[in-house]
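Take a look at the letters that make up each chain.
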Amino acid sequence: MNVLPSNGETPEGLYAQFTHMRGTFSIEATLEAPQSGVTALFGPSGCGKTTFLRLLCGVDRAKVGKVCVNGMWWQNRSFFLQTWKRPVGVVFQDSRLFPHLTVKNNLEYGAKRSFASKRTNGYRVNYDHTVSWLGLERLLDRFPNGLSGGEKQRVALGRAILRNPSLLLLDEPMASLDESSKIEIIPYLEELRSELSIPILYISHDIYEIHRIADRVALMEKGSLLTSGDIKTILTSLELPISRGSHAGAVINADVVEHDKEFNLSILEFEGGKISVARGGMTIGKNVKLRINASDVALALDKPRNTSVLNVFGVKVTGIVEINESQVIVKLDAHGVAMLSKITKKSLDALSIKRGDKCYAMVKSVALMA
Amino acid sequence: MELFQSPLWITIKLATISTFILLLISTPMAWWLSRDKGKFKAVVESVVAIPLVLPPTVLGFYLLIALSPNGFLGAPLEALGIGSLAFTFEGLLIGSIIYSLAFVVRPLQNSFESVNDELLEAAATLGASPLDRFFSIAVPLSIPGFLTATALGFAHTVGEFGVALMIGGNIPGETRVMSIEIFNLVEALNYDQAHFYSAGLMIFSFLLLFLVSMINFNSSSKNPL
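Keep in mind it's a predicted model, so treat the numbers as computed, not measured.

*Asks:* Talk me through the overall build of chain A; I want residue IDs and the actual numbers.
*Replies:* In terms of helices and strands, chain A carries eight helices and 21 strands. Computed over the C-alpha atoms, the radius of gyration of chain A is 23 Å, within 12% of the 21 Å expected from 2.2 N^0.38 for a compact globule of 370 residues. Projected onto its principal axes, the C-alpha coordinates of chain A cover approximately 65 × 50 × 35 Å. For chain A, the residues scored as buried account for 51% of the 370 residues in total. By sequence separation, contacts in chain A at least 24 residues apart represent 66% of the contacts at least 6 residues apart. When the accessible surface of chain A is split by element, carbon and sulfur atoms take 47% of a total near 16,700 Å². Treating the 46 positive side-chain charges of chain A as one cloud and the 38 negative ones as another, the clouds have centres 5 Å apart.

*Asks:* Can you lay out the packing of aromatic side chains for me, pointing to particular residues and giving the numbers?
*Replies:* Following the criterion strictly, the structure yields 16 aromatic pairs over all chains and no others. Taken together, a centroid distance of 5.8 Å and an interplanar angle of 20 degrees make the contact between F206 of chain B and F210 of chain B stacked. Placement of the pair is F206 of chain B and F210 of chain B together in helix α11 (residues 191-218), with a separation of four residues, close to one helical turn. Looking at F206 of chain B, the relative accessible area reads 53%, which means it is exposed. When the ring centre of F92 of chain A is taken as reference, the NZ or CZ atom of R96 of chain A above it lies at 3.9 Å.

*Asks:* So, the sheet that holds strand β20 (residues 358-363) of chain A: which residues are in play, and what are the values?
*Replies:* Residue and element names in this part refer to chain A. Sheet architecture is open: five strands sit in the order β16-β20-β17-β18-β19, paired in antiparallel fashion. Strands with a single pairing partner mark the edges of an open sheet, and in this sheet they are β16 (297-300) and β19 (337-344). Geometrically, the sheet is characterised by an average inter-axis angle of 45 degrees between neighbouring strands, direction not taken into account. Pairing geometry for strand β17 (residues 311-322) and β20, over six bridges, is antiparallel. If you follow F313 over to β20, its bridge partner there is A361.

*Asks:* Lay out the pairing of β20 of chain A in plain terms, naming residues and giving numbers.
*Replies:* As defined by bridge partners, β16 of chain A adjoins β20 of chain A across four bridges and the pair is classed as antiparallel. Within the sheet, the bridge partner assigned to A300 of chain A lies in β20 of chain A and is Y360 of chain A.

*Asks:* Could you give an account of the nonpolar core, with specific residues and numbers?
*Replies:* Counting residues in hydrophobic clusters, the biggest one holds 75 residues, and the most contacted among them are F18, F52, L56, F98 and L169 of chain A. When residues of this core are assigned to their parent elements, the largest contribution, 11 residues, is made by helix α5 (residues 89-113) of chain B. In contact with L169 of chain A, other than residues within four places in its own chain, are L53, L56, C57, V88, G89, V90, V91 and L201 of chain A. If you look at the next biggest cluster of nonpolar residues, it comprises 45 residues, including V131, L162, L170 and L177 of chain A.

*Asks:* Give me the lowdown on the layout of surface pockets, citing residues and values where you can.
*Replies:* Empty space among the atoms becomes visible once a probe the size of a water molecule is rolled across them. Residues and elements named next belong to chain A. Each pocket or cavity is described by its volume, and for the second largest pocket that value is around 220 Å³. Ranked by residue count, the leading element in the lining of the second largest pocket is helix α5 (residues 179-195), at four residues. Its residues assigned to classes, the lining of the second largest pocket shows five nonpolar, no polar and five charged.

Conventions used here
Residues numbered from 1 in each chain as written. Chains lettered and ligands numbered in written order. Predicted model: local features only at pLDDT ≥ 70, side-chain atom pairs only at ≥ 80, totals over all residues. Heavy atoms only, no water. Helix = DSSP H or I, 4+ residues; strand = E, 2+ residues; numbered from the N terminus. Rg over C-alpha atoms; globule rule 2.2 N^0.38 Å. Buried < 20%, exposed > 50% of the residue type's maximum accessible area, 1.4 Å probe, protein only. Contact = heavy atoms within 4.5 Å. Areas by Shrake-Rupley, 256 points an atom, 1.4 Å probe, with all protein chains shown as cover. Lys, Arg positive; Asp, Glu negative; His and termini not counted. Charge placed at Lys NZ, Arg CZ, Asp CG, Glu CD. Phe/Tyr/Trp six-rings, centres within 6.5 Å; stacked < 30°, edge-to-face > 60°. Lys NZ or Arg CZ within 6 Å of the ring centre and 35° of its normal. Pairing = 2+ DSSP bridges. Axes fitted to C-alpha atoms, helices over the stretch in contact; angles between N-to-C directions. Core = buried A, V, L, I, M, F, W, Y, C linked by side-chain atoms within 4.5 Å. 1 Å grid on protein atoms, 1.4 Å probe; cavity = no way out; pocket = protein on both sides within 12 Å on 5 of 7 lines; lining within 4 Å. Points joined across faces, edges and corners; volume = space filled by probe spheres on them. Nonpolar A, V, L, I, M, F, W, Y, C, P; charged D, E, K, R; others polar.

Any link to function would need more than the numbers given here.
In structure tokens:
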């Protein structure tokens, strides 16, 4: 699937391939990511995500490995660029701010050592813009020990960005934060893809985080990279365990088209139809991301009337997979948009639907992501 | 006696120069010891620690033999025209440095060991070379270690007697340090002067050790020594 372009050519975006042993654990993985956008590296704890990141930035050295970022080789058969010479930005789970430096000096640490624009495809970061975007003005003279978890991660993010990297790596930046700090930092992570036009790799084992932040997903398991691709495709791919887990669901994009003032609803439109969400006052024209859990989607053969469910779409069944002794996941296509429905085998039998059949999906709730 | 010939002056000169050279030698050595995990580390640590347990006279004796005109250090020095260093200030300086090495290396090593590898990794991802990381992260985070090392190195050099006697002899204005002067005064039954010097050294040592304790107390949370 992932083939390195033959002799002479350098891959675009991010290309990384490693064969590495660490004790008894082995990593055998190839990852490609486009020139910009957020790719999530998703997998259970201990599957080798962090090791992969460490190999990627060169803190650990893979015996056999190739790394190329936007046309610049960082590692190949005969060559290994030291970490400090790589235009990489890393945000660690534990922020790793320098305790003897103020926030300002922490931010400047990377900035002072940053790369000239020619090595980063002309991309330049603006110090003042980054500081104000992340809301760091008030913190500049403070020391890291006095900051909250969320503030520390904002500083760490700023520090990595001001390094002017051509690849940004985030290693579970929210894993050690409490709920309120997560809520504080997540909007910045969502804005990353529009702020930076470089490949961004976001490591997480939290599927909800990935829904909100990433455009693409790479699935990792036991040291291997299973597959990677667009987040909507991967999440609803019945061949992958992710579509059968308890968090199975689909992500769709929709535009805000009108308001229902009487009932305080916003009406959104996507390829498969219109969706009402119970939140008024959203900006008309805004594109939003919605998550639809498989367990919130019920199926009906006839167009349901007299139901409390507002959101009903005509769909086609594109696949059915058994997830346990009593339940199945049904994959649906709503005018090109994939959705999942989790129903019992008994219901499946009663409806007697099979691949290719048409039916109606009743969506009980949608979660607004951004 | 002139000030620059006095035991007090020679002691201060010896301790200052020793401490300075010790910091230069010990800093890279302690950094290497703090990061290395190989077997060789144990060997080097033991060698550095020998003067802690060895009678200073033994160390002085071997140094005297090595630095004598026919010794394995003395002979080449003689041939180079520098001359034998036995019973000279320079010889005494070499003795002091070896004798006090552990007192400077240990606190520095402890301090460096408490510098988080993860911070150094973060610095590397921000573009800092190994030397840059050492000076911009490890050194500032080890300031208490440097202060302790300086104070202990200085105090220990001031307090030496056995090595000074063996290698330096008892030459006024050259190698006669305070501790030897006190010995001379006692031999001569000049107790008043001996008291004067001894009390001075006591107070000085107390103040330095008190300073070390204060440094360690203030940084004990992050920098156990």
